[in-house]
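Here are the chains, one letter per residue:
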Amino acid sequence: MKTFKPSAISLALLTSGLVFTSNPLVAQESDKQEQEETIERIEVRGFSSSLIQSLNQKRFSDTVSEQLSADDLGGLPDVSMADALTRLPGISAVRTGGQAAEINIRGLSGDFVFSTLNGREQVSTSGSRSIEFDQYPSELINSAAVYKSPKASLIEGGVAGTVELQTASALAQDKQHTFNANVRGMFNDRASEVADAEEYGHRISFSYQGKFMDDTLGVSLGYARLFQPSVSTQFIGFAYNAEKDVDGIVGDEENYDPNSDVPKEDQCVECELISEGFEMQHKGGEETRNGYVAAVEWVPTDNFKLKADAFVSEFDSKAFARGFRVKLGGVNTEIYNPVVVNNNVVGGTFVRSENSETRVELVNDDNQDFDKVESYGINADWQITENLSAQFDVSLSKANSNFRNGLLWSLVGNDATADSPRFDQNIQISYLLNGLDLPDLQFNQADAFTDIDRVMVSKYGIYPYVNSDELDAYRVDFQYFLDTDFISSVEFGARYSDREYSNDRSVFEYGNDQAFSSSEPPLRLTDDLVEVVNWQGDFSYFPSYLSIDLNDALNAWFPSGIPQPAQTWGSGDPGVINPLEGSTRSTAWSVLESGDVFETVSAAYLMANIDTEIAGLPITGNVGVRYVKSKQSSTTLQRATMFVENEDGQEVEVSDPTAGAQNIVDELGYINNFYRPAILTYEYTDILPSINLNFKLTENSQLRVAAAKVMGRAPINRFAANASTNIEVISATQDRDSGEITLSNQQARISGSSNNSPYLDPFYATQYDISYEHYFDDADGAIVIAGFYKNIESFIENIGIDPYDFEGNGFVVPDSVTVPVFYELDYPGQTPEAVVDENGAPVTVVVPTTNGKYETAVNNARGGYIRGIELAYTQIYSDLPGMLSGLGMNASYSYTESEIQRTVGNGVFASALPGLSENVATVTLFWEYEGFETRVSGRYRDAFVSQQVAVNDQTVNFDSELVVDYQASYEINDNMSVLFQINNVTDEPTKSYFTSPEQTGTIQFFGTQYFLGMTYSL
């Protein structure tokens, strides 16, 4: 039998009962009794205690992993588990609203990260597989592990890694009863710069753990509440999605793309790229999170344990965004004095022309997000015989998200007091981007932005996104213990899960964002509806604007009741057979983008645990294989139409019952007969081998090596089948005097998209890990050096094929379209007047169609490697004399590189994978002495690629950032302590850019958060 001599930190951990092991129940109790007889109890508390526990869990783990541990339930100081996890090597976070939400592991984004709670797969409110870790209060999580190398018994899915969160176990505690309470007040120093923003917040948590009935019954209860202001001041640039030759340089071919499917002669090689525009906003609001955890454990006999647990987190946010949005107007805008850098227009004077839509929109957006995460499970642990044990687990994971994006947009008119107010078309916008600094701006309408005799509300819209995700899982695991010199035990088991994801879209729109509508007239503002808002600080030179009270404005605009959104075709969709007279609005996307996704997974595994010696070298680890069978399905509405000639010889699209077309009724009663419902299904199987070996080189040093094939399924929302085709809307206008008819285009381009697909394969990678760990003799700490290599086979990529053969690929498309002719408008917003012939029949023209662009999602064949090194150093300098013995450091550094390059599109070239920062570093310096503890932490990450949210989601390059936090606490007595904490000490902003830093993406400041509170423990 092999023995080892644990260090002082090992003893502290072992005697606290916090070592997590896969040994059966009886073996655990036997080992615990033996340890209690031979080991003197050592008590360590505070931040150093957390580091000690984390180090030992890492040391005795059977995989390459990182560990995070708390003294007690409620012991982690972080706002959420996202903040806590970023203290670990190779892990970084993407800040959303100023706080960490999604985590990246080893240069891979959240879509590659698999997450479990108490060993059970978790679904997400994000609509993808990426867990939003800010929904998990750190006060309710007792420990976390990040498995960087897998083993066969772990649920498949983590290409980057698997994050395992654990809630507390009352029976694992030494004390019969424990109680913890935390109360903290919060202040944000930037809230005063945002009108109506909240400045103060709070955090409250309570937890209890108790043992009853001779330690055979354990109860754990916890509650955590967070109320915090959400504040930011921001400038956001929009994507570069228009091409125009603005410099007139002869022979200029900088815009030529040799990798495009479009021939060179059809590309605008002499053109420069023009941004869609930009926006400046004050954002404020409040976020409320209520978390609950409960667990009951029962050990009726020495060989059987039953545990039921529940975790619920409700995260609600209400936010407003105010300011102005600039739409530069695209290729038809008149551009003077353009500033071109790297073939991109980053400045100039943009003047609205007759055919452009250049404008400034005054924005008052109101967003509400109500999210709820639930996890329930029952687990039985049975020691069947001395050598055979089994665990049975049944679980349910649920997530619901109801996000409501509401907007109230205003435009500048000539005279809002007029009976028929006209939109002011005299618009000049001058700007110059300054890279990662704020731009220079000038508007000829700036004085009108605060004038209620000029500004009118022109559009109201509300766009709910309602997602639900539910997963039922059943799992059984067995361990059989062997008395051999090589294999200590064999583990095998099976798991089945059934997941259903649904997405429901709806919409209500009124008015116009491009001009004043005569059929849906704008709202005249009054003094009681508005407030003048001025910019402060670095943004103080931006022009003031009107903040509008949303509810009062809507009540004034809709005195008979505010209309509610609905999932509807819209009266103007061509497939509607009962349209509303005079309505031309089509919102069929709200129906076509709604639907359900189903996923079932059956898995089985076999794994041997190794415990042997070769030439006197102790070797432990495991080798195993996991078999996975997956089935994914999606509901969809497929076009079921045909084109026939009408009595005038024109081709028209009609319903085709032989293709399965049905009458489909929406929530407003509109009937569309152009579609047939269908379910698309895809099945596949995978074999995933893995091996983990740990060589104990000396008493305090060990070498780990690991290899595995891993998989990660595509985000669940990417399985939704939503293929669609569109035909360019051609306008035909006739001059009232000359009778000449002008077409907006001589051909109607057919376009389409299917950015999601149930036929998407998983991500696959073969990965290798090596790690050297040395644990110090005379002081508490360790140094770890690790290397990894991942060979990724393919990625999901959105591609565009232009031109695309729609008819040849089975799409029903017309050869031509019939376009009605209208008289030219005398002013923007005028109700169009149709041209009729001498018999009163509408005048039309026939326009031929042409193949355009088709966008789709594919598993590309261009994978590649990701490789890197990780360094971690932890030391508590307990051997220093006197007060200095409380000094300590916890630091890590990782370098990651990849050969993979991906073109994102929309004027962006992302040279790195989403989430990959080459250099990531963290450092925490701390000092503990006689109940006083203070520490400062820094988290740095290099530039990386991720999503930013503007009018639409945009993929951009984020600049490097360094976030510094500080904390100090004092233990008044054994039961009470006080705490002071500062998050984001330097008010580090988020900054991003498109292809190059000259193309400003985001400049966003969130403010510094201050916490002051008290902790009480029994």
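Treat the numbers as computed from the prediction; the structure is a model and nothing was measured. (Residues numbered from 1 in each chain as written. Predicted model: local features only at pLDDT ≥ 70, side-chain atom pairs only at ≥ 80, totals over all residues. Heavy atoms only, no water.)

Student: Teacher, can you tell me more about the overall build of the chain here?
Tutor: Summing up its helical and strand segments, the chain has six helices and 56 strands in all. Taken over the C-alpha trace, the chain has a radius of gyration of 31 Å; the compact-globule value for 1018 residues is 31 Å, and the two agree within 12%. By principal-axis analysis of the C-alpha atoms, the chain measures approximately 105 × 60 × 60 Å. Per-residue burial for the chain yields a buried fraction of 54% across its 1018 residues. Within the chain, counting contacts between residues at least 6 apart in sequence, those at least 24 apart form 74% of the total. Surface accessibility of the chain: about 42,400 Å² in total, with carbon and sulfur atoms responsible for 51%. Distance between charge centres in the chain, computed from 65 positive and 147 negative side chains, equals 6 Å. (Helix = DSSP H or I, 4+ residues; strand = E, 2+ residues; numbered from the N terminus. Rg over C-alpha atoms; globule rule 2.2 N^0.38 Å. Buried < 20%, exposed > 50% of the residue type's maximum accessible area, 1.4 Å probe, protein only. Contact = heavy atoms within 4.5 Å. Areas by Shrake-Rupley, 256 points an atom, 1.4 Å probe, with all protein chains shown as cover. Lys, Arg positive; Asp, Glu negative; His and termini not counted. Charge placed at Lys NZ, Arg CZ, Asp CG, Glu CD.)

Student: Can you walk me through the nonpolar core in this structure?
Tutor: Across soluble globular proteins, nonpolar side chains have a tendency to be buried as a group. If you look at the biggest cluster of nonpolar residues, it comprises 65 residues, and the most contacted ones within it are F278, M280, L408, F443 and L525. If near-sequence neighbours (up to four positions away) are discounted, F278 is found in contact with F235, I236, G237, F238, F324, R325, V326, L328, I429, Y431, L441 and F443. Membership of the second largest hydrophobic core comes to 47 residues, among which are A144, V373, V597 and A708. (Core = buried A, V, L, I, M, F, W, Y, C linked by side-chain atoms within 4.5 Å.)

Student: I would appreciate a short explanation of the pairing of strand 13 (residues 272-275) in the present structure.
Tutor: Residues in a regular strand project their side chains so that they alternate between the two faces of the sheet. Neither face of strand 13 is open: one carries E272 and I274, the other L273 and S275, and all of them are buried. Pairing between strand 12 (residues 240-244) and strand 13: four bridges, direction antiparallel. Within the sheet, the bridge partner assigned to K244 lies in strand 13 and is E272. (Pairing = 2+ DSSP bridges.)

Student: What exactly am I supposed to notice about the packing of aromatic side chains here?
Tutor: The description of an aromatic ring pair rests on the distance of the ring centres and on the angle between the ring planes. Evaluation of the coordinates by the stated rule reveals 43 aromatic pairs. Pairing F324 with F449 gives two aromatic rings, centres 5.6 Å apart and planes at 35 degrees, and the pair type is tilted. Here F324, found in strand 15 (residues 304-327), pairs with F449, found in the loop between strand 21 (437-443) and strand 22 (455-481); they are 125 residues apart in sequence, far enough to count as distant. Judged by its relative accessible area of 0%, F449 falls in the buried class. For the pair Y510 and F558, a centre-to-centre distance of 5.1 Å together with 80 degrees between the ring planes defines the contact as edge-to-face. Placement of Y510 in strand 24 (residues 508-511) and of F558 in the loop between helix 5 (550-557) and helix 6 (589-592) is noted, with a sequence separation of 48 residues between them. The exposure class of Y510 is buried, given its relative accessible area of 19%. (Phe/Tyr/Trp six-rings, centres within 6.5 Å; stacked < 30°, edge-to-face > 60°.)

Student: Looking at this structure, how should I read the pattern of salt bridges?
Tutor: Should the charged atoms of two oppositely charged side chains come close, the side chains can pair. Summed over the entire model, instances satisfying the criterion amount to 42 salt bridges. A salt bridge links K327 to E276; the shortest N-O distance between them is 3.6 Å. Separated by 51 residues along the polypeptide, K327 in strand 15 and E276 in the loop between strand 13 and strand 14 (277-301) bring together distant segments of the chain. The class for E276 is partly exposed, based on a relative accessible area of 24%. Here E593 makes a salt bridge to R505, at a shortest N to O gap of 3.2 Å. With E593 in the loop between helix 6 and strand 28 (595-614) and R505 in strand 23 (residues 487-505), this residue pair connects regions lying 88 residues apart in the sequence. Owing to a relative accessible area of 8%, R505 belongs among the buried residues under this scheme. Shared partners join several salt bridges into a network, and the residues in it are E279, R325, E357, R359, E361, D365 and D513. (Salt bridge = Lys/Arg side-chain N within 4 Å of Asp/Glu carboxyl O.)

Student: Would you explain unusual backbone geometry in this entry?
Tutor: Residues apart from glycine generally show negative phi values, whereas peptide bonds are mostly found in trans. The phi dihedral of D215 falls on the positive side, at around 60 degrees, and the residue is not glycine. Relative to the helices and strands, D215 is located in the loop between strand 9 (200-212) and strand 10 (217-229). Residue D215 is classed as partly exposed on the basis of its relative accessible area of 37%. In this structure, N984 takes a positive phi of about 60 degrees despite not being glycine. Among the residues examined, N984 registers a relative accessible area of 6% and is labelled buried.

Student: Help me understand the pairing of strand 42 (residues 816-823), please; the structure alone is not making it clear to me.
Tutor: Inspection of the sheet shows strand 36 (residues 732-734) paired to strand 42 by three bridges, in the parallel sense. In the strand pairing of strand 42, Q734 is matched with Y823. Summarising the sheet, strand 42 and strand 43 (residues 844-859) pair through five bridges and their orientation is antiparallel. Counted as the bridge partner of V819 is V845 from strand 43.

Student: Can you help me understand a negative patch on the surface in this one?
Tutor: Among the surface-exposed residues, D527, D528, D549 and D552 lie close enough to one another that they form a single negatively charged patch. Looking at the secondary structure, you find D552 in helix 5. (Patch = residues over 30% accessible without salt bridge, like charges linked within 9 Å, V, L, I, M, F, W, Y side chains within 5 Å.)

Student: What am I meant to see in the confidence of the model for the chain here?
Tutor: Regions with low pLDDT should not have their predicted coordinates read in detail. For the chain, per-residue confidence averages 85 on the pLDDT scale, and 90% of positions sit at 70 or higher. Here residues 1-44 is modelled with pLDDT under 50, and outside its nearest four sequence neighbours on either side it reaches 62 contacts, counting other chains as well. Of the regions scoring below 50 in pLDDT, residues 905-909 engages in 18 contacts with residues more than four places distant in sequence or in other chains. (pLDDT = per-residue confidence, 0-100.)

Student: Would you mind showing me how to read the environment of D440 here?
Tutor: Along the chain, D440 turns up in strand 21. On the basis of relative accessible area, D440 is assigned to the partly exposed category, the value being 41%. Each C-alpha atom of the pair D440 and G347 lies 9.0 Å from the other, and the pair is 93 residues apart in sequence. Setting aside residues no more than four positions away along its own chain, D440 makes contact with S430, Y431, L432 and N434. A polar contact of 3.5 Å, which involves the side chain of D440, links it to the side chain of N434. (Polar contact = N/O pair within 3.5 Å; in protein donor to acceptor, adjacent residues only side chain to side chain.)

Student: What's the story with a nonpolar patch on the surface in this structure? I'm lost.
Tutor: On the surface, Y480, L482, F492, L606, V625, Y627 and I687 cluster together into a nonpolar patch covering about 590 Å² of accessible area. Structurally, L606 can be placed in strand 28.

Student: Mind showing me how you'd approach the sheet that holds strand 5 (residues 120-121) here?
Tutor: Working definition: the strands of a sheet are paired by backbone hydrogen bonds and lie parallel or antiparallel to each other. Judged by pairing direction, the sheet is mixed, and its five strands sit side by side in the order 1-6-7-4-5 without closing on themselves. With one partner strand each, in any of the chains shown, strand 1 (65-69) and strand 5 form the two edges of the open sheet.

Student: How do you make sense of the environment of V373 when you look at a structure like this?
Tutor: Tracing the sequence through the fold places V373 in strand 18 (residues 359-383). With 78 residues separating them in the primary sequence, V373 and D451 have C-alpha atoms 45 Å apart. In contact with V373, not counting residues within four places along its chain, are T125, Q135, Y136, F311, V312, S313 and K398.

Student: Where do I start with the state of the cysteines in this structure?
Tutor: Linking two cysteines covalently through their sulfur atoms gives a disulfide. This model, assessed by the stated rule, comprises one disulfide. Note on cysteine connectivity: C268 is disulfide-linked to C271, with sulfurs 1.6 Å apart. Torsion about the S-S bond of the C268 and C271 cystine: about 50 degrees, corresponding to right-handed handedness. Accessibility expressed as a relative area gives 4% for C271, which makes it buried. (Disulfide = S-S within 2.5 Å.)

Student: Where do I start with the side chain of S517 in this structure?
Tutor: Mapping S517 onto the fold places it in the loop between strand 24 and strand 25 (523-524). Within the structure, S517 has its side chain in polar contact with the side chain of S519 (distance 3.2 Å). A polar atom in the side chain of S517 sits 3.0 Å from the backbone nitrogen of E520.

Student: Before we go on, may I ask you to explain the environment of R713 in this structure?
Tutor: Among the secondary structure elements, R713 is positioned in the loop between strand 34 (701-712) and strand 35 (724-727). Filtering out sequence-adjacent residues up to four positions away, R713 remains in contact with D111, R129, E156, E599, V601, V628, S630, Y684, P762 and F763. Of note is the side chain of R713, whose polar atom sits 3.1 Å from the side chain of S630.

Student: I tried to follow helix 5 on my own but got confused; where do I start?
Tutor: In an α-helix, one turn spans 3.6 residues; hence positions three or four apart end up facing the same way. Buried residues of helix 5: L550, A553, L554 and W557, and no others. Buried residues of helix 5, viewed axially, fall in a sector of 95 degrees; they line one side. Against the buried residues of helix 5 lie strand 18, strand 19 (388-412), strand 22, strand 24, strand 25 and strand 27 (545-548). Near the N-terminus of helix 5, the side chain that reaches the backbone nitrogen of N551, with its oxygen 3.4 Å away, is that of D549. (Arc of directions from axis to C-beta.)

Student: Which parts of the structure should I look at to understand the side chain of S389?
Tutor: Among the structural elements, S389 can be located in strand 19. One polar contact links S389 to Q479, side chain to side chain, over a distance of 2.6 Å.

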